[in-house]
Amino acid sequence: MMEKIKQRKQEGKVVRRIVARVTVIVIACILFIGIFGTLYVKSALKPVDPESEEQIQVEIPMGSGISNISKILEKSGIIKDATIFKYYAKFKNQSNFQAGNYTMTPSMTLDEILESLKTGKVYREPVMTITVPEGMTLEQIGKIVEKRTKYTKEQFMERVNSKEFIENVMSTYPELFTDEILNGNIRYPLEGYLFPATYSFYDENVSLDDIILPMIDKTNSVIGEYKSLLAEKEMTVHELLTFASLLEEEATEKTDRETIASVFYNRLEIGMPLQTDPSVLYALGGHKERVLYEDLKVQNPYNTYVNPGLPPGPIANAGVVSIEAALNPTDTEYLYFLADKEGNNHFAKSFEEHLQNKNQYINNE
C-alpha cells in the first residue's frame, strides 16, 4: 500500500515537472513571437533603405485599391511589407489614391509614400500622349497615331492586321480574344478591341507594338470586371463589344443607351433585323451625312438591314458607358426608335407608333 502511494507521489512530481516545462516553453514561444512580431512591424514601418538614392518607376493603374497598390509597392521594392502598409494606410485614414506613374525611392517613409499617392504627383512627365475617343474605328485610330507619332496610318493598320501580331495578342489574352475574331466575314479582327482612353508614353522611340498593346491591355482590364456578368448572361466578350459598339454609334445621351439596348435585345429575341444605320455606314466603308434608301440594300455582312442578328464584329471601339448599357438594358417592349434634330430619342412599341414619331419629329422639321 505504502509503495503505491509513494509511486503515485513520484508520478505526480513528474507530471507537474512536465506541465511546468511545457508552460515555460509556451510562454517563451508567445514572448518570442510577440517580440519578433513587434520588431518586424517596427522594421516594416521604416524605409526599406534610408540611404538609398535609387529611383524606381512605379505605375499605379486606374481603379487600384489599397490592397493592389500595396502589392505593387512591395514588388517594386518601395516598401517592406504590403499587408503592414495597407493597415498603416487604413490606420492613418488615407484613401482616394491617384493613379499614375511615380518615381519613388526605397528611402521614402510610409507617410511620404502616402502623400505622393494621395496628391497624385507625377514625378516623370510623358514625352507623348495619345487620346483615343469613344466610337473610333481602327482606321480612325490609325490617323490619330499618324498625327502623334512617326508611324503612318498604313503602318499602324498593317501591324494590327498582321497574322503574327494577332496570334501574339490571342495567346497573351486568351480570355479576351477567341476564334470569333477570325471569322472570315470580319473586316478587321481587332476592331473594337483598342480601348478609348488617353495613353502616356515616356520613350521618344516607342515602338508601334508598345503603342497598340496598352490599348488592348486596357480593354482586357475593363472587360475583366464584367466576367461574372458575362457568364450570367451567357454572352461572349466578342458579342459584348459588338453590341456595345452599336450603342456607342447610335446613342446621343447616356440615359438613352440602356433603352436603345432594350430595343436591340427585343429585336434579337424575335428575329427582327436590328436595322441600325451605323452598321450600314461601316459596311460602306466611309462616312456619309445621310444614309440613303439604296444604301440600306448593300450586300455586306455588316449591314444589319439585310442580315439578322449582330454584325460579325464591332464597328468601333466602345466606352464603359456603352459596355455597361449592353449588359444592363432597360426592361421595355420597344422595337423602334429615332432621333430628332436635337439628338433626343423617341421610342415606339409598334411600327404605327414609330411612323407617328417620324411624322412628328422628323418630317415636320
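See the structure above.
As a convention, each chain's residues are numbered from 1 in the sequence order in which they are written. Given that the model is predicted, a residue must reach a pLDDT of at least 70 before its local features are reported, and side-chain atom pairs must reach 80 or more before they are shown or counted; all residues, however, enter totals for whole chains, interfaces and linings. Only hydrogens and water are removed before side-chain values are computed, so all heavy atoms of the structure are retained for them.

This paragraph deals with the overall build of the protein chain. Only runs of H or I of at least four residues qualify as helices and only runs of E of at least two qualify as strands under DSSP, and these elements are numbered from the N terminus. A count of helical and extended segments in the protein chain gives 14 helices and six strands. For the protein chain, buried positions account for 42% of its 365 residues. Across the protein chain, the fraction of contacts at a sequence separation of at least 24, relative to all contacts at a separation of at least 6, is 62%. Calculation of accessible area relied on Shrake-Rupley with a 1.4 Å probe; when residues are assessed, cover is drawn exclusively from the protein chains displayed. Working note: accessible area of the protein chain is about 21200 Å², and carbon and sulfur atoms make up 51% of it. In this scheme, a residue with accessible area under 20% of its type's maximum is buried, one over 50% is exposed, and one in between is partly exposed, where area comes from a 1.4 Å probe on protein chains only. A contact between two residues is defined here by any heavy atoms of the two lying within 4.5 Å.

Below, the discussion takes up the environment of Thr 105. Secondary-structure assignment places Thr 105 in the loop between strand E2 (100-104) and helix H4 (110-119). A relative accessible area of 16% means that Thr 105 is categorised as buried. Through-space distance from the C-alpha of Thr 105 to that of Ile 78 is 6.3 Å; in sequence the pair is 27 residues apart. Setting aside residues up to four positions removed in sequence, Thr 105 forms contacts with Glu 54, Gln 55 and Ile 78. Between N or O atoms, a polar contact is any pair within 3.5 Å; within protein, one atom must be a potential hydrogen donor and the other a potential acceptor, and residues adjacent in sequence are included only when both atoms are from side chains. A polar contact is formed between the side chain of Thr 105 and the side chain of Ser 107, at a distance of 2.8 Å.

A few words now on the pairing of strand E4 (residues 198-201). Looking down a regular strand, the side chains alternate between one sheet face and the other. Burial along E4 is one-sided: Tyr 199 and Phe 201 are buried, and none of Thr 198 and Ser 200, which face the opposite way, are. A pair of strands counts as paired when DSSP detects no fewer than two bridges linking them. Across four bridges, the pairing between strand E3 (residues 128-131) and E4 is antiparallel. What sits directly across from Thr 131, in E4, is Thr 198.

This brings us to unusual backbone geometry. Although it is not a glycine, Glu 234 sits at a positive phi angle of roughly 55 degrees. Structurally, the position occupied by Glu 234 is in the loop between helix H9 (227-233) and helix H10 (237-250). Notably, Gln 275 is not glycine yet its phi reads approximately 50 degrees, a positive angle.

This part takes up the packing of aromatic side chains. Think of it this way: a Phe, Tyr or Trp ring, Trp meaning its six-membered ring, pairs with another when their centres are within 6.5 Å, and the plane angle makes it stacked under 30 degrees, edge-to-face over 60, tilted otherwise. Here the structure, examined in full by the defined rule, presents eight aromatic pairs. When the ring of Phe 243 is compared with that of Tyr 265, the centres are 4.4 Å apart and the planes differ by 25 degrees; the resulting orientation is stacked. Here Tyr 265 lies in helix H11 (residues 254-270) and Phe 243 lies in helix H10, a separation of 22 residues in the sequence. One aromatic cluster in this structure is built from Phe 243, Phe 264, Tyr 265, Tyr 334, Phe 337 and Phe 347. Over the face of the ring belonging to Tyr 282 we find Arg 187, whose NZ or CZ atom lies 4.3 Å from the ring centre. We call a charge positioned over a ring when the NZ of a Lys or the CZ of an Arg lies within 6 Å of the ring centre and within 35 degrees of the ring normal.

The next point concerns the nonpolar core. The term nonpolar core refers to a set of buried residues drawn from Ala, Val, Leu, Ile, Met, Phe, Trp, Tyr and Cys, joined through side-chain atoms within 4.5 Å. Core analysis: the biggest nonpolar cluster contains 64 residues, and Phe 156, Phe 177, Leu 190, Leu 194, Ile 216 and Ile 323 have the highest contact counts within it. Formed by 20 residues, the second largest nonpolar core is a distinct cluster that contains Phe 85, Tyr 88, Phe 97 and Ile 113.

Below, the discussion takes up the packing of H10 against helix H13 (residues 320-327). Every axis in this analysis is a line fitted to C-alpha atoms, fitted for helices over the stretch in contact. Angles between the N-to-C directions lie between 0 and 180 degrees. For the pair H10 and H13, interaxial distance at closest approach is 8 Å and the crossing angle is 115 degrees. Classed by the angle they form, the pair H10 and H13 counts as roughly perpendicular. Between H10 and H13 the crossing geometry is right-handed. Note on element contacts: H13 touches H10 through Ser 322, Ile 323, Ala 325, Ala 326 and Leu 327, opposite Leu 240, Leu 241, Phe 243, Ala 244, Leu 247 and Glu 248. Any residue that is not Ala, Val, Leu, Ile, Met, Phe, Trp, Tyr, Cys, Pro, Asp, Glu, Lys or Arg is counted as polar, Gly included; the first ten are nonpolar and the last four charged. Tallied by class, the residues present in the contact of H10 with H13 amount to nine nonpolar, one polar and one charged. Each angle gets one of four labels, with under 35 degrees taken as roughly parallel, over 145 as roughly antiparallel, 65 to 115 as roughly perpendicular, and the rest as oblique. Two helices that cross are described as forming a left-handed crossing if the nearer one is turned anticlockwise from the farther one by less than a right angle, and a right-handed crossing if clockwise.

Time to look at the pattern of salt bridges. Once their charged atoms are close, side chains differing in charge can pair, the charge on each being opposite to the other. Should a side-chain nitrogen of Lys or Arg be within 4 Å of a carboxyl oxygen of Asp or Glu, the pair is scored as a salt bridge. On inspection of all chains with the given rule, the structure shows four salt bridges. In this structure, Asp 209 engages Arg 159 in a salt bridge whose closest nitrogen and oxygen atoms are separated by 2.7 Å. Linking Asp 209 in helix H8 (residues 208-224) with Arg 159 in helix H6 (residues 153-160), this pair joins segments that are 50 residues apart in sequence. The buried category is assigned to Arg 159, whose relative accessible area is 19%.

Glancing now at the packing of helix H5 (residues 138-148) against H6. Running from amino to carboxyl end, H5 crosses H6 at an angle of 130 degrees, the nearest separation of the two axes being 8 Å. Here H6 runs oblique to H5, going by the angle between their axes. Taken as a pair, H5 and H6 cross one another with a handedness that is right-handed. Contact residues: H5 offers Leu 138, Glu 139, Ile 141, Gly 142, Lys 143, Val 145 and Glu 146, while H6 offers Lys 153, Glu 154, Phe 156, Met 157 and Val 160. A class-by-class count of the residues in the contact of H5 with H6 yields six nonpolar, one polar and five charged.

Attention now moves to the environment of Leu 73. One can find Leu 73 in helix H2 (residues 66-76). Accessibility expressed as a relative area gives 0% for Leu 73, which makes it buried. Sequence-wise, Leu 73 and Pro 106 are 33 residues apart; in three dimensions their C-alpha atoms are separated by 9.9 Å. Sequence-distant contacts of Leu 73, defined by excluding residues within four places in its chain, comprise Val 58, Ile 78, Ile 79, Phe 85, Met 104, Ile 113 and Leu 117.

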